[in-house]
Every structure is written in C-alpha cells, then in structure tokens.
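# Observations on the model geometry
Here's the letter readout for the chains.
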Amino acid sequence: MRRLGNYLNPVVRLGTPHYSFLFALLFSLTICILSELYAYNIARDPMVVGKYIIFINVFAILYFSFRDAFRGGAVASAISVLYYFYIIYTRNYSGQELVSGIETTIVLGVLYFLLAGIIGWLKRKIDTLIVNEANEKKWLQTIIRQLPVGVVIADAKGKILQTNRQLETILGVKIPIGKVAGKDMVISTMQNGKKIKTSGLPLAQVLQPRTELLDQEFVVEKPDKSKVYISVNASPIHNNEGKIIAAASIIKDITGQKELENRKDDFINMASHELKTPVTSIKLYIDILKRQTENSKNKKLSHVAKSLRDQADRLSDLVNNLLDVSRIQTGKLNFQKESFRLDLEIKELIDALHDESEKVKIIFKKPKSVTVIADKYRIYQVLTNLLTNAVKYSPDGRKVWVSLLTTKKKVTVQVKDHGVGIAKNEQKKIFDRLYQVIDATEKTFPGLGMGLYISKEIIKRHKGKIWVESTKGKGSVFSFTLPVVKTE
Ligand code: ADP
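Our subject in this report is the structure included herewith. Everything quoted here is computed from the prediction, not taken from an experiment.

## Quick notes on the overall build of the protein
When its secondary structure is counted, the protein shows 11 helices and 14 strands. Radius of gyration (C-alpha) of the protein: 42 Å, far over the 23 Å computed for a compact globule of 488 residues. Dimensions along the principal axes, computed over C-alpha positions, put the protein at roughly 145 × 50 × 45 Å. In the protein, once contacts between residues fewer than 6 apart in sequence are set aside, the share between residues at least 24 apart is 62%. Total accessible area computed for the protein in this model is approximately 30000 Å², and 59% of it derives from carbon and sulfur atoms. For the protein, the distance from the average site of its 74 positive side-chain charges to the average site of its 47 negative ones is 2 Å.

Here you go:
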C-alpha cells in the first residue's frame, strides 16, 4: 500500500528523475473510456461529456507534468486533444459547430502543451537541484568519512548532525547522531587543567555568538580512563541572513606531539639541573684564574682568562634560562616581590651594558621616578632580555631608546630599536617557547628563543602585558606594563 502511495504521490517522487510514459498513456486512455461509458450508459446523453472533461483533462495534465515532467504532461495533452476530435467526429458536429469545435480543440491543445511544457520544465529543474544537492552531500560525506582528523557538525541547538569514524577513534566513544554533546552524553573534557562545563565545549562556544576557535587544546578522558590531548578548530555556520544555523568542528589528536613535548621538557629539566653545578664550579675556577693572571705580566694569559669568564657567563645564562623554561613548564617559577625604583634599575642595567661593550648606545629618554612592587631580579631579567635583543638585532652602534610612560595605575616600559625588525606573521610567535625567526636572507643571530618566552611569563605573572610593534627592516618597539605604586 505504501509502495503504491509512493508510486502515485508526485511530491514523494521529487528528486527521482525517472519519467514514465506508459502510466500517463494508460491513465488518460482510461479517463476517455470511462467518460464514454458514463455518457452513453449512465447519463444517456452523449453531449454531457463537455460539462466535465476539460476539468478532468487539465487535472491529468497538471498531475502528469508534475510527476513525469514534459513527457507525462505531453502524453496527457495529446490523448485529451485526440479525444476531443473523437467527440467531434462521433457526435456528428456540422457546419459552424464543427468549425468552432475544431478551433476550440486546437486552442485547448496549444494551451495544454504549453502548460505541460512549463510545469515539466519546473519539475526537471527541481529534480536536478535535489539530485545535485544529494550528490554534493554524498561527496562531502565521503570526504568527511575519510579525513584523517575528527569532524563533528551540529545544528544551532547543538544537536549532532554528522561525525566521522576518526572522531570516534580519537575520543574512544561512539557519538550518537541527534544527541546534544554535554547534555545527552558526557565526555569528560578539560582545558588548562580544569574540567569544562557544557557551555565551554567547543561547539557550544561557537554556537553562542562567539568567534571561531583556533587550535585550542583540550584533554579528554576516554572511557578506559586514558587521556587524549586534542587540538580543536571550530566555527559557526551562518545562513544568508547571518543567523547561526550550525557549527562545524575539526579535532586533531595531538597526544603523540604532547608526549614528545613532555619528554623534551623532562630532558630540558634534567639537563639544566645537571649542568648547573659544573657551570658554577667552572665559573669559580675561572675567577680564581682571572684574579691570578690580572697581576701577571703575561697580557695574553689575562686576556684568555677574561674571554673564558665571558664565555662561562654566557653558558651560565643559558643554563639559567633553561632552568627557568623548565620552571615555567612545571609551574615552579616563584616570585619574591618587593617595592623598588624601576627607573633606577633601568639606569643600572644601561650602565652595566655600556661597561660591557663600547658598541652599545642605549639612551634613557626623560627618566622619571617610578616605584613598583615586583620581583626585582625577574624584572631586571626582562629588561636585560629586551635591551640585549635590541642591541643584538641592530647594526653595530645604532642607538636604542628606552622610555617610561606612566598613568595613575600602570607604567609602560618601551624599548625601541632601528634594527632588523620582525615580519607581521612572526610577531606573535616570537613569545613562544624556543621560537626563533628563521630568515634565509638574514644573517643568523646566536640564541635559543627562550628570552621572550620567559619575559612574557614573568610579566604575565605580574599582571602586566608584553607586546611588540615592528616593521620588517625598520626596527621594533617592545613594550611591557606593570602596575605602579608611585610615580614622581
Ligand atoms: P633569542 O635568544 O633567539 O634572541 P628571544 O626569545 O629573546 O630569543 O627572541 C626570539 C626571537 O625574536 C629572536 O630569535 C629574534 O628573531 C626575534 N627578536 C627578538 N627581539 C628582537 C628585536 N629587537 N629585533 C628583531 N628581532 C627580535
């Protein structure tokens, strides 16, 4: 019964471009035969046909044009026209009646074919659209199924519309279509060590009018209690009126990468601790050697001792930086805050750098008294990093400017150079751990890319901000802020 209903219902058949010829032919012929039987045997008036046949024919043409496109409509039209001629012939029309009968039939025939043509064309168009959309959906589904990353698409209410096999492999659970993540099923998810609520889940985040999520890291606990690190990109899908109608998210399994990073961190931690003691001893021995050679007449020996001390200092800085990086990673970077004059620290550092090398030209623009409460040693470390970088990445002898901008609540320290500058796409990355700008056209500068990472962490932990404004080839301005206690 249902199959018969589907066969007859033209709406169900939309998107099925199989156009029958025979059904329209048999149906139209049946109408003619039934009409003749009715006129002669029931109504007993051959002329009664004229009262209803046009309505029935128009209905049949509309129906078949919509069901079987022009092919169906044309068959119904042709049979109707032939039937009208048959009526004219069998009812013995003559004279003026015959002429107007033939004329009416021709006009009706043209109208019927026109109707069949328009509706048939529309039907074909709708079918093509539906078929194309279905094909596109299939292509997309095949691509999604084969992607090496997890994919999840949800509607505006967060109900899951589509996922792929890779997602289930990553999360270790089957994600049921039609359910709402975080409501109908619980996936234990954490970010930055904290369990996140339903509203914090990636798709939920982008469904509230939020921007996209880019490479956000989460940790998911699988049903077997093992942990998987994922990186998520998600964005809302808008309709033409700009309303959010769905959201799509791509999930990458970064557990392998994270484990490698953890092993690297462990190695840095271990190596820096192991190096610390011998480097301190070497420095001590070099100091003894230096003191003994200072008074000696052998100038060469005293020069060697000084160079040794410089190199040992660099080595020691490197080990200290490595230790700091590993302290940041393990959350063990501690601060001892005290009240001190920031301007005096800057002056002291500039003097020390001028003493170290004659090539350095740092100018402290309009110094003024600024008192802050911070870890003096760590802030000195940030200042050292910014100033030595400004000198390192500038041509020899080029001036570096330091200035202090104060408001009631904060001080901004600016370090400006006219050196090599940093390309726009690199400016955010230089604050990442072990990131160095690699430019084939530039000479390589010594360093390991730890200084700005450590500086950023120090400033962040002092409730300040650090950033860079720079133009490649023209120079850079590094700035950081600190809350102030007192200004001049
Ligand atoms: P590094 O020890 O390599 O200098 P940093 O973390 O201090 O490490 O700096 C990271 C990167 O930022 C550097 O490799 C360099 O490419 C870029 N950089 C830092 N300061 C400057 C500057 N003043 N001018 C141009 N590039 C800079």
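On we go from here.
## A short note on the pattern of salt bridges
Under the definition given, this model contains 19 salt bridges. Residue K306 pairs with D310 through a salt bridge whose shortest N-O separation is 3.4 Å. Of this pair, K306 and D310 are both found in helix α8 (residues 299-329), 4 residues apart, which corresponds to roughly one turn of the helix. Taken together, the shared-partner salt bridges connect E217, K258, E261, D265 and R433 into one network.

## A word on the environment of I160
In this structure, I160 sits in strand β2 (residues 160-163). Separated by 53 residues in the primary sequence, I160 and L213 place their C-alpha atoms 18 Å from one another.

## As for the site of the ligand
Taken together, 21 residues lie around the ligand, and N389, Y393, D417, Q436 and L452 are the ones closest in. Residue N389 places a side-chain N or O atom 2.8 Å away from an oxygen atom belonging to the ligand. At a separation of 2.8 Å, an oxygen atom of the ligand approaches a polar side-chain atom of Y393. Considering the ligand on its own, with 530 Å² of exposed area, one finds that the protein chains cover 95% of that surface. For the shell around the ligand, the secondary-structure elements that each account for two or more residues are α10 (376-392), α11 (451-461) and β14 (475-487). The leading source of residues in the shell around the ligand is α10, at 4 residues.

## Things to note about unusual backbone geometry
Phi is positive for D215, close to 45°, though the residue is something other than glycine. Within the element layout of this structure, D215 appears in strand β5 (residues 213-221). A positive phi angle is found at L434, which is not glycine, with a value near 55°. In this fold, L434 is placed in the loop between β12 (410-417) and α11.

## Describing helix α4 (residues 95-146)
Relative to the 76 Å expected for 52 residues at 1.5 Å per residue, α4 spans 76 Å between its end C-alpha atoms, a close match to the ideal helical length. For α4, the full list of buried residues reads G101, T105, L108, G109, Y112, A116, I119, G120, K123, D127 and I144. Along its buried surface, α4 packs onto α3 (49-90), β1 (150-155) and β2.

## Section: the layout of surface pockets
Regions of empty space are outlined by a rolling probe, equal in size to a water molecule, passed over the atoms. Considering only enclosed or pocket space, the second largest pocket measures out at about 870 Å³ in volume. Looking at the second largest pocket, it is lined by 20 residues, and the ones nearest its centre are N192, D215, Q216, E217 and K258. Broken down by secondary-structure element, the contributors of at least two residues to the lining of the second largest pocket are β3 (189-191), β5, β6 (227-238) and α7 (255-294). Per element, the largest residue contribution to the lining of the second largest pocket is 6 residues, and it comes from β5.

## Concerning the side chain of S316
Locating S316 in the fold gives a position in helix α8. According to the relative accessible area criterion, S316 is buried, its value standing at 11%. Engagement of the side chain of S316 in a polar contact is seen with the side chain of K283, the distance being 3.4 Å. Look past the residues within four positions of S316 in its chain and what remains in contact with it is V279 and K283.

## What about the packing of α10 against α11?
Contact geometry for α10 and α11: axes closest at 9 Å, N-to-C directions at 140°. The way α10 lies across α11 gives a crossing that is left-handed. Counted together, R378, I379, Q381, V382, N385, L386 and N389 of α10 and G451, L452, I454, S455, I458 and I459 of α11 form the full contact between these two elements.

## Let's talk about the sheet that holds β1
Taken in spatial order, the 7 strands make up an open sheet running β2-β1-β7-β6-β5-β3-β4, and their pairing is antiparallel. At either end of the open sheet lies a strand with only one pairing partner, and these are β2 and β4 (194-195). As paired elements, β3 and β4 share 2 bridges and run antiparallel to each other. Considered in β4, the bridge of Q191 is made with K194. Of the strands in this sheet, β5, β6 and β7 (244-253) are in contact with α7, which crosses β6 at around 130°.

## Some points on the nonpolar core
One finds L342, I346, V372, I379, L387 and F480 to be the most contacted residues of the largest nonpolar core, which totals 45 residues. If one sorts the elements of this core by residue count, α10 sits on top with 6 residues. In contact with I346, other than residues within four places in its own chain, are F364, L383, V402, L404 and V413.

Thresholds, definitions, all that
Residues numbered from 1 in each chain as written. Predicted model: local features only at pLDDT ≥ 70, side-chain atom pairs only at ≥ 80, totals over all residues. Heavy atoms only, no water. Helix = DSSP H or I, 4+ residues; strand = E, 2+ residues; numbered from the N terminus. Rg over C-alpha atoms; globule rule 2.2 N^0.38 Å. Contact = heavy atoms within 4.5 Å. Areas by Shrake-Rupley, 256 points an atom, 1.4 Å probe, with all protein chains shown as cover. Lys, Arg positive; Asp, Glu negative; His and termini not counted. Charge placed at Lys NZ, Arg CZ, Asp CG, Glu CD. Salt bridge = Lys/Arg side-chain N within 4 Å of Asp/Glu carboxyl O. Near = heavy atom within 4 Å. Polar contact = N/O pair within 3.5 Å; in protein donor to acceptor, adjacent residues only side chain to side chain. Expected span 1.5 Å × (residues − 1). Buried < 20%, exposed > 50% of the residue type's maximum accessible area, 1.4 Å probe, protein only. 1 Å grid on protein atoms, 1.4 Å probe; cavity = no way out; pocket = protein on both sides within 12 Å on 5 of 7 lines; lining within 4 Å. Points joined across faces, edges and corners; volume = space filled by probe spheres on them. Axes fitted to C-alpha atoms, helices over the stretch in contact; angles between N-to-C directions. Left-handed = near helix turned anticlockwise from the far one by under 90°. Pairing = 2+ DSSP bridges. Core = buried A, V, L, I, M, F, W, Y, C linked by side-chain atoms within 4.5 Å.

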